[in-house]
Amino acid sequence: MSDPAIDAQVHAHADRLRALENEAAWQRRAASDDGFDGIREYSRAWHENRSTAYLLRKSWTDPVNRWFIIAVVVGIGAIWTYLLTQ
């Protein structure tokens with residue numbers, strides 16, 4: 001059985017971290033009334049060297065793009081399967 005004092009301390013830290021994340025998100029949201037949110041996020045992703053992950057994640061959330069990605073992967077797989085069985 002876990003110690004209730006440790007659980008309370010962990011929950012207090014988690015609550016504080018959640019509050020800081022919410023505050024940071026609110027400050028970003030409040031400062032971005034000019035319509036350049038997407039450009040800022042891509043710029044931030046570029047500087048953090050995660051632009052490919054950002055673009056794939058954004059593409060995967062759109063249902064049309066998701067089906068297109070799946071169709072392309074299946075198509076490439078079918079072509080490779082056809083070529084390797086010949």
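Structural data are supplied above this passage.
Residues numbered from 1 in each chain as written. Predicted model: local features only at pLDDT ≥ 70, side-chain atom pairs only at ≥ 80, totals over all residues. Heavy atoms only, no water.

Enquirer: How should the overall build of the protein be read in this particular structure?
Expert: The secondary structure content of the protein amounts to 4 helices and 0 strands. For the protein, the N- to C-terminal ordering of α and β elements is α-α-α-α. Surface summary for the protein: the accessible area is close to 7700 Å², and the carbon and sulfur share equals 64%. (Helix = DSSP H or I, 4+ residues; strand = E, 2+ residues; numbered from the N terminus. Areas by Shrake-Rupley, 256 points an atom, 1.4 Å probe, with all protein chains shown as cover.)

Enquirer: I'm lost on the packing of helix H2 (residues 37-47) against helix H3 (residues 51-61) in this one. Help?
Expert: Helices that pack against each other are described as a pair by the angle of their axes relative to one another and the distance between those axes. Interaxial distance between H2 and H3 falls to 7 Å at its minimum, and their mutual angle equals 140°. Taken together, the axes of H2 and H3 lie oblique to each other. Side by side, H2 and H3 meet where Gly38, Glu41, Tyr42, Ala45 and Trp46 of the first sit next to Ser51, Tyr54 and Leu55 of the second. Of the residues contributing to the contact of H2 with H3, the split by class is 5 nonpolar, 2 polar and 1 charged. (Axes fitted to C-alpha atoms, helices over the stretch in contact; angles between N-to-C directions. Parallel < 35°, antiparallel > 145°, perpendicular 65-115°, else oblique. Contact = heavy atoms within 4.5 Å. Nonpolar A, V, L, I, M, F, W, Y, C, P; charged D, E, K, R; others polar.)

Enquirer: Would you mind showing me how to read the packing of H3 against helix H4 (residues 63-85) here?
Expert: The N-to-C vectors of H3 and H4 enclose an angle of 110°; their axes lie 5 Å apart at closest approach. Looking at the two axes, H3 sits roughly perpendicular to H4. Across the interface between the two elements, Ser59, Trp60 and Thr61 from H3 touch Pro63, Asn65, Arg66, Ile69 and Ile70 from H4. Split by residue class, the contact of H3 with H4 holds 4 nonpolar, 3 polar and 1 charged.

Enquirer: What is the right way to read the packing of aromatic side chains from this model?
Expert: Aromatic rings considered in pairs are described by the distance between their centres and by the relative angle of their planes. In the structure shown here, the tally under the stated rule is 0 aromatic pairs. A cation over a ring is seen here: Arg66 above Trp60, with NZ or CZ 5.5 Å from the ring centre. (Phe/Tyr/Trp six-rings, centres within 6.5 Å; stacked < 30°, edge-to-face > 60°. Lys NZ or Arg CZ within 6 Å of the ring centre and 35° of its normal.)

Enquirer: Please explain the environment of Arg44 as it appears in this structure.
Expert: Looking at where Arg44 falls in the secondary structure, it is placed in helix H2. With a relative accessible area of 33%, Arg44 lands in the partly exposed category. (Buried < 20%, exposed > 50% of the residue type's maximum accessible area, 1.4 Å probe, protein only.)

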